[in-house]
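# Chain and residue survey
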Amino acid sequence: MKKIIYILIFILTFTGACNEDLLEENPPNVIYAEDLYTDYDGLEAGVNGLYSLMRYEREGLDASTDLITDMTMAGTDIIVANHGGKALSSISRNWASYSTPSTGFYENAFLWLYQIVNAANTIIASVEENSESIDWSGGDLSEEENKNLILSEAKVARAYAYRHLTYNWGDVPLSLEPSSGSSIKTNWERTAVEEVRAQIIADLAFAEPNIPEEGSSSGRITKGAVQHYLAEIYLAMNQADSALYWANQVVNNPTYALITERYGVAMAEDGIAFMDMFKAGNTNREEGNTEALWVFQFEKNKLGGGEYPIMAMHHTSRYRGGDLDLTVTADRGGYGNGRASLTQWALNNFDDANDDRGSHFAIHKYFVLRDAAGNAPYGGADPLPEGMNYGDTIFLDWSEDISTEHNGVEEWPFSRKYDWADSDDPVGNRESWYDQVYLRAADTYLLKAEAEFKLGDAQAAANTINIIRNRSNASDITAADVDIDFILDERARELMVEGPRRYTLLRTGKWAERTIMYNHNGGETINPERDILLPIPQSVLDANLTLEMRQNPNY
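Keep in mind it's a predicted model, so treat the numbers as computed, not measured. (Residues numbered from 1 in each chain as written. Predicted model: local features only at pLDDT ≥ 70, side-chain atom pairs only at ≥ 80, totals over all residues. Heavy atoms only, no water.)

### Some details on the overall build of the chain
- A tally of helices and strands in the chain yields 21 helices and 10 strands.
- Residues counted as buried form 62% of the 555 residues belonging to the chain.
- In the chain, of all internal contacts separated by at least 6 residues, the share reaching a separation of at least 24 is 71%.
- A total accessible area of about 20,800 Å² is found for the chain, and carbon and sulfur atoms account for 47% of it. (Helix = DSSP H or I, 4+ residues; strand = E, 2+ residues; numbered from the N terminus. Buried < 20%, exposed > 50% of the residue type's maximum accessible area, 1.4 Å probe, protein only. Contact = heavy atoms within 4.5 Å. Areas by Shrake-Rupley, 256 points an atom, 1.4 Å probe, with all protein chains shown as cover.)

### With respect to the packing of helix H16 (residues 441-454) against helix H17 (residues 458-471)
- It is the contact of H16 with H17, at a shortest axis distance of 7 Å, that shows an interaxial angle of 160 degrees. Of the possible angle classes, the one that applies to H16 and H17 is roughly antiparallel. At the point where H16 passes H17, the crossing takes the left-handed sense. Listed contacts from H17 to Ala442, Tyr445, Leu446, Lys448, Ala449, Glu452 and Phe453 of H16 are Ala460, Ala461, Thr464, Ile465, Ile467, Ile468 and Arg471.
- Residue classes in the contact of H16 with H17 are distributed as 10 nonpolar, 1 polar and 3 charged. (Axes fitted to C-alpha atoms, helices over the stretch in contact; angles between N-to-C directions. Parallel < 35°, antiparallel > 145°, perpendicular 65-115°, else oblique. Left-handed = near helix turned anticlockwise from the far one by under 90°. Nonpolar A, V, L, I, M, F, W, Y, C, P; charged D, E, K, R; others polar.)

### Side note on helix H3 (residues 40-54)
- The first and last C-alpha atoms of H3 sit 21 Å apart over 15 residues, in line with the 21 Å expected at 1.5 Å per residue.
- Among the 15 residues of H3, 13 are classified as buried, and the element is accordingly described as predominantly covered. (Expected span 1.5 Å × (residues − 1).)

### So, H16
- Its 14 residues give H16 an end-to-end C-alpha distance of 20 Å, which sits within 8% of 20 Å, the value for a rise of 1.5 Å per residue.
- Counted residue by residue, H16 has 12 buried out of 14 residues, so it is predominantly covered.
- The complete set of buried residues in H16 reads Ala441, Ala442, Asp443, Thr444, Tyr445, Leu446, Leu447, Lys448, Ala449, Glu450, Ala451 and Glu452.
- Where H16 ends, the next residue or the one after it, Gly456, has phi of about 90 degrees, a positive value.

### Some thoughts on the nonpolar core
- Counting residues in each nonpolar core, the largest one holds 126 residues, and the members touching the most others are Trp169 and Trp294.
- Per-element accounting of this core gives the leading share, 15 residues, to helix H7 (residues 104-130).
- Leave out the neighbours within four places in its chain, and Trp169 touches Met71, Tyr106, Ala109, Phe110, Leu113, Arg190, Leu533, Leu534, Pro535, Ile536, Pro537 and Asn552. (Core = buried A, V, L, I, M, F, W, Y, C linked by side-chain atoms within 4.5 Å.)

### Section: the environment of Asn466
- The residue Asn466 is located in helix H17 in this model.
- When residues no more than four places from it in sequence are discounted, the contact partners of Asn466 are Ser475, Asp476 and Ile477.

### Points about unusual backbone geometry
- A cis amide bond, omega 5 degrees, links Ala376 with the succeeding residue Pro377.
- Here Pro377 is to be found in the loop between helix H15 (372-375) and strand S8 (393-395).
- Positioned with a positive phi, Val497 is a non-glycine residue whose angle comes to about 60 degrees.
- With respect to the helices, strands and loops of the structure, Val497 is situated in the loop between helix H18 (484-495) and helix H19 (501-507).
- Overall, the relative accessible area of 4% leaves Val497 in the buried class.

### Comments concerning the pairing of strand S2 (residues 292-296)
- Most of S2 is tucked away, with 5 of its 5 residues classed as buried.
- Taken together, the 4 bridges between S2 and strand S10 (residues 436-440) define a ladder with antiparallel strand orientation. Each residue of the ladder has a partner; that of Phe296, found in S10, is Gln436. (Pairing = 2+ DSSP bridges.)

### Here we look at the pattern of salt bridges
- A full pass over the atoms with the stated rule returns 35 salt bridges.
- Of the charged contacts, one joins Glu450 and Arg507 as a salt bridge, the two residues approaching to 2.6 Å between their closest N and O atoms. Here Arg507 lies in helix H19 and Glu450 lies in helix H16, a separation of 57 residues in the sequence. Each of the two residues, Glu450 as well as Arg507, counts as buried.
- What you see here is one network of salt bridges that share partners, running through Glu291, Asp351, Asp355, Arg357, Lys417, Arg440, Arg469, Arg471, Glu490, Arg493, Glu494 and Glu498. (Salt bridge = Lys/Arg side-chain N within 4 Å of Asp/Glu carboxyl O.)

### Quick notes on the confidence of the model for the chain
- When pLDDT is averaged along the chain, the result is 90; 90% of the residues meet or exceed 70.
- Within the model, pLDDT remains below 50 along residues 1-31, and this stretch shows 69 contacts once partners closer than five positions in the same chain are excluded. (pLDDT = per-residue confidence, 0-100.)

### Considerations on the packing of helix H10 (residues 223-236) against helix H11 (residues 240-251)
- Close contact between H10 and H11 brings their axes to 8 Å; oriented N to C, the two are set at 160 degrees. Accordingly, the angle class assigned to the pair H10 and H11 is roughly antiparallel. Seen along the crossing, H10 lies across H11 with a hand that is left-handed. Counting all contacts with H10, which are made through Gly224, Gln227, His228, Leu230, Ala231, Tyr234 and Leu235, the residues of H11 involved are Ala240, Ser242, Ala243, Trp246, Ala247, Gln249 and Val250.
- Considered class by class, the residues forming the contact of H10 with H11 number 9 nonpolar, 5 polar and no charged.

### Notes on the packing of aromatic side chains
- Taken as a whole, this structure holds 17 aromatic pairs when the rule is applied.
- Between Phe274 and Phe278, the aromatic rings sit 5.8 Å apart at their centres with planes inclined by 65 degrees, giving edge-to-face as the arrangement.
- When its relative accessible area of 1% is taken as the criterion, Phe274 is described as buried.
- On the accessibility criterion, Phe278 (8% relative accessible area) is buried.
- Ring centres of Trp294 and Phe296 lie 5.3 Å apart, and the angle between their planes is 80 degrees; this geometry places the pair in the edge-to-face category.
- Given the relative accessible area of 1%, Trp294 is considered buried.
- Among the aromatic residues, those joined into a ring-pair cluster are Tyr51, Trp112, Tyr160, Trp294, Phe296 and Tyr438.
- The positively charged end of Arg197 is found above the aromatic ring belonging to Tyr167, 4.7 Å away from the centroid. (Phe/Tyr/Trp six-rings, centres within 6.5 Å; stacked < 30°, edge-to-face > 60°. Lys NZ or Arg CZ within 6 Å of the ring centre and 35° of its normal.)

### Topic: the side chain of Thr191
- Inspection of the secondary structure puts Thr191 in the loop between helix H8 (143-169) and helix H9 (193-207).
- A relative accessible area of 14% places Thr191 in the buried class.
- A distance of 3.3 Å separates a polar side-chain atom of Thr191 from the backbone nitrogen of Leu174.
- For Thr191, the contacting residues outside a window of four places in its chain are Asp171, Val172, Pro173, Leu174 and Val196. (Polar contact = N/O pair within 3.5 Å; in protein donor to acceptor, adjacent residues only side chain to side chain.)

### Structural notes on the environment of Gly428
- Here Gly428 shows up in the loop between strand S9 (414-415) and S10.
- Under the relative-accessibility criterion, Gly428 is labelled partly exposed at 43%.
- Gly428 sits 94 residues away from Gly334 along the chain, and the two C-alpha atoms are 9.4 Å apart.

See below:
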């Protein structure tokens, strides 16, 4: 069952056309806009619902697949499918056979994003049409500030959805009005991606002066994140000068300082500053993470706390079977399924042996064999390989790449950015129930470097990149080192398993080239002319009853 959200989001155009159950005249649990959106508290509940929907990105859209892994990370130069796992195990392994208009996961993702669009449109229209009659009192802000903040966060949500839609499908229907009842359309046309992105910029530009630097509350987007996305979209639109302006708003703001010193819950343990911000209890800004621009909030068994956050389970290797059959413990990362593994290239991409980001503190590269006492209270002793003793180290081996002929590998290194498990039951409670960094300022630094390079200033780009590298004890680079591939290599080192790598590669025109080169379990099946865009789901085409909607080329 989908998680309970603060409001039931209203019937969106395509969902309404595709799902007869939602067409009941009075479906249960519906709270209509005219009833809910009459005061500030009701509109706040609506915004909470939007954030709840956006967090689906790291949850299961169809039982055990999540958007960020299956559609935007897997099938890139960094992440390769390893063990099976629904969309991940099929699409990124065989683009030709499984990336089709009938792929159910594409439908789920497409409709989910338009759910966000329609929910945001409903809030925006309620505010713009009924502003004078709404009771805006509440909280610590003035009534005018409350109104602008509600509008801003709704527009951010709409921009968020259209960002995903344009990167994945290109031209998509642009809807700026709520769709329900008699207003449902069956003659949608796809809007040019440039026009949709212009709307994204308009929404973000409206929101930017109204969103607080620290966000309106925990889990809400910060001003820095809005500025970051403005920089990214301007890069996608080949307007590097505007991208540089907005990246500088983040980079030059001391509120969003890079983490350079150890802090927080793990200070007494061996570790590195770079990894402290990913540890449960350290991820939020109020917990000391000055680098965070947006943190997704998850809490087990709490209304709005999430249903199935599965980043850790996807990215943690299966060290519990096959040749490596160790006891599952919380400190080893919990019960991993190893569906999305690092490519051999990603593991070998570190150009400096002193780079903290390539160390065992950041990437799990070995296990120490432990007896029953060492594994307590989680289980018995690790089986001892022949000739080894407890206390010995088993180093993971990635000398043979994951490929079509060699996959389902248990003994594979994995990023520790989601190295979290329920300490009470790391086997039974496999989901990532902790607040997770979604966007951080280091990403903005790398957008800044990309903009500087595109503007012809390779030295400025090198200087910006060196700030990132210095934090992790990697050596400096020079202007001569900088090209778009180096920037992409640096993003891989810094942002491994964090964000939508596919989008970065598409923005720079490098997705097909680099995925074919470095991803050997499916990369060879990519059609560079077709697969840079996903197919419009067939159910969406069929729902457009009175006007034929065009499909993306070669599907």
